[in-house]
Amino acid sequence: MTMLATPLEAELPLYFGAGGELFGLYQSAGTPARKAVLLCPPLGQEQIRCHRLYRQLAHALAAEGIPVLRFDYYGCGDSAGASAQVDWQRCLADARDAADELRQRSKTDRVIAFGARLGGSIALTAAAAARFSELVVWDPVLDGNAYVARLDAMQNALRRDPQRFCKPRLASDAADQWLGFAISKSLRQQLVELRCEPTTVPTWVMDSLAPTTTREWQSLGIDASRVNVLQPPTPWDDLGRLELAILSHALIQAVTAQLREVA
Amino acid sequence: MREQAFRFGRADHMVGIAGLPAASTQAVGVIVLNAGLVHRIGPFRLHVELTRRLNACGYPTLRFDLSTVGDSGASGESQTRTQQVCADVRDAVTLLSRQSGCTQVVLFGLCSGAQNAHTVACTDASVVGAIFLDGYAYRTFGYRLRHYLPRLFDAGRWWRTLAYRRNPSTPRSTEPVFSVVALPQEVVRADFASMLDRGLKLCFIYSGGISNYFNHARQFRECFGRVIARPGVSTRFIAEADHTYVLTGDRNRLLDNIEHWLSDNFPVANAGASP
């Protein structure tokens, strides 16, 4: 761990973007920076589960002298909008706006994006428009159709979970939701059609998927040298851990080391 | 309605979101405490939906992270957890008061948030009401009857129990469990009586998600005695819901209950008025 000569400046909570609808927390590095990192969150319950880890990562990067912006998409976290209003295209636009906000605050044009799960997918898809210089993605969702099918299966299991409900709930009680969050038909369709394409932006993958999961990193044009396999696997799809935070010291170390090396 | 983000507190170490109604009102403020270690947005964004709905009704709100929870840091003081929670809420009241002009607040808490709300409500003069979701409760004789009697005559359950004893193949969780020891029942009962004597209004909403120690609306009386029948108390048991209201329909019904309780007990003079 890096020893700090001076304490980090406190994170600044703020609203930004058109109409001040997006919430963010800006962590200054305290010194002039050559690069900054935008942390793109996942969606839904994965965002809540990753909140602590994102905060730890922001602090670790700031300790390396890298300014960081964490933010919430429209309809997520503390940002404006209802959960049912989350929209894929709006998420991409929000990532672009957040990157611009980070450039303005950090006074550096070079913004690297990090994202877990759908946050990684958003970073990959928005890379060109948001002018990301590099990407680090953690178990990104590349096949939206399979992801939707998995969320549907988990939602169906959740309503019958005896650890949660005294009596199984009707399918209608659990309709149009994924794991605690209302979803629109348009978001469902957008995710069904999601297929991440290869990007020309230099990209590294942090892979902590279960051993039985099919990997598709090559479809992004990423060779094995840019894939960092982390242990243990992250229990993304374990319904029994739905409300437990995802913490990974290995992930924070690996991402920090990777971004330290990026010239 | 507008929301503003703040870094605040005696060490400028806490993060919170104040929600202010579109029109200036004389309403009480509502302060939302963390549910466990979930940051201020609450489980499945419950606290965001709650505060925005209350803002639309005319109540100023503050959802924030207690010291060392969510995005808040440590205050750097040497305090017990109880002292720290009380000081954190005092800082939150000061902030909301400065932003909205309110001088009295209602506390809202789920689970450990309800326990923290209880702690603060015992002593803080600015607190005029509290909403406890799945707060303190105790297994009573009635609970045990309701829990065990049906099982006694359930042949399927006996069969599963015997089968498990013959072949205990299901591994038990070996993960460590951390929990806070609940206050003694008599202490909590006396605390509630004291709060009501001071004029506080109390709202208890318990869910079926805590069926391992609470399983019927009658249990409020079994746990807390006659204090629960006093005029300032409202109780509701939502058997079908889980502990964190994961289904949107359950969550909306919960928010309806809270909104109605607030409007009955702390009416807003010009509720819902536009600027």
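The structure under discussion appears in the preceding block.
Overview of the structure. From a predicted model like this one, the values you see are computed outputs, not experimental measurements. Residues take numbers from 1 onward in each chain, read along the sequence in its written order. Chains carry letters from A onward and ligands carry numbers from 1 onward, assigned in written order. This being a predicted model, a pLDDT of at least 70 is required before a residue's local features are given, and a value of 80 or more before pairs of side-chain atoms are given or counted; all residues contribute to the totals for chains, interfaces and linings. Only hydrogens and water are removed before side-chain values are computed, so all heavy atoms of the structure are retained for them.

What follows is about the pattern of salt bridges. Residue and element names in this part refer to chain B. Between Lys or Arg on one side and Asp or Glu on the other, a salt bridge is scored when a side-chain nitrogen of the former is within 4 Å of a carboxyl oxygen of the latter. Applying the stated criterion across every chain, the model contains 39 salt bridges over all chains. Note that Asp71 is salt-bridged to Arg40, the shortest N-O span being 2.9 Å. Residue Asp71 is found in the loop between β4 (61-64) and α2 (81-100), and its partner Arg40 is found in the loop between β3 (29-32) and α1 (46-57); the two are separated by 31 residues along the sequence. Just as Asp71 is buried, Arg40 falls in that class too. The closest approach of N and O atoms between Arg253 and Asp250, which form a salt bridge, is 2.9 Å. In this pair, Arg253 and Asp250 both sit in helix α8 (residues 248-265), three residues apart, roughly one turn of the helix. With a relative accessible area of 41%, Arg253 lands in the partly exposed category. Categorising residues by exposure relies on relative accessible area from a 1.4 Å probe, with only protein chains included: less than 20% of the type maximum marks a residue as buried, more than 50% marks it as exposed, and the intermediate range marks it as partly exposed. Residue classification places Asp250 among the buried positions, given a relative accessible area of 3%. Numbering of helices and strands runs from the N terminus, with a helix taken as a DSSP run of H or I at least four residues long and a strand as a DSSP run of E at least two residues long.

Okay, the side chain of Ser72 of chain B next. Tracing the sequence through the fold places Ser72 of chain B in the loop between β4 and α2. Within the structure, the side chain of Ser72 of chain B is placed 3.0 Å from the backbone nitrogen of Val15 of chain B, a separation counted as a polar contact. When checking whether two residues touch, look at their non-hydrogen atoms; a contact exists if any pair is within 4.5 Å. With sequence-adjacent residues up to four places away left out, Ser72 of chain B is seen in contact with Arg55 of chain A together with His13, Met14, Val15, Asp65, Leu66 and Ser67 of chain B. A 3.5 Å cut-off defines polar contacts: any pair of N or O atoms within that distance qualifies, except that in protein one atom must be a possible hydrogen donor and the other a possible acceptor, and neighbouring residues in sequence count only when both atoms are side-chain atoms.

What follows concerns empty space enclosed by the protein. Residue and element names in this part refer to chain A. Computed over the protein atoms alone on a 1 Å grid, cavities are sets of points where a 1.4 Å probe fits but cannot get out and pockets are open sets with protein on both sides within 12 Å along at least five of seven lines; a residue lines them when it has an atom within 4 Å of a point. Grid points are joined across faces, edges and corners, and a volume is the space filled by probe spheres set on the points. Within the structure shown, the criterion is met by two cavities of 30 Å³ or more. In this structure, the largest cavity encloses a volume near 360 Å³. Lining the largest cavity are 29 residues, with Leu43, Gly44, Gln45, Trp178 and Phe181 positioned closest to its centre. Sorting the residues of the lining of the largest cavity by element identifies α1 (45-63), α4 (144-158), β8 (181-182) and α5 (185-192) as the ones contributing at least two each. The greatest single-element share of the lining of the largest cavity, amounting to five residues, is contributed by α1. In the scheme used here, Gly and all other residues not listed as nonpolar or charged are polar, with Ala, Val, Leu, Ile, Met, Phe, Trp, Tyr, Cys and Pro taken as nonpolar and Asp, Glu, Lys and Arg as charged. Looking at the lining of the largest cavity residue by residue, the class counts come to 18 nonpolar, six polar and five charged. Taken as a whole, the second largest cavity encloses approximately 160 Å³ of empty space.

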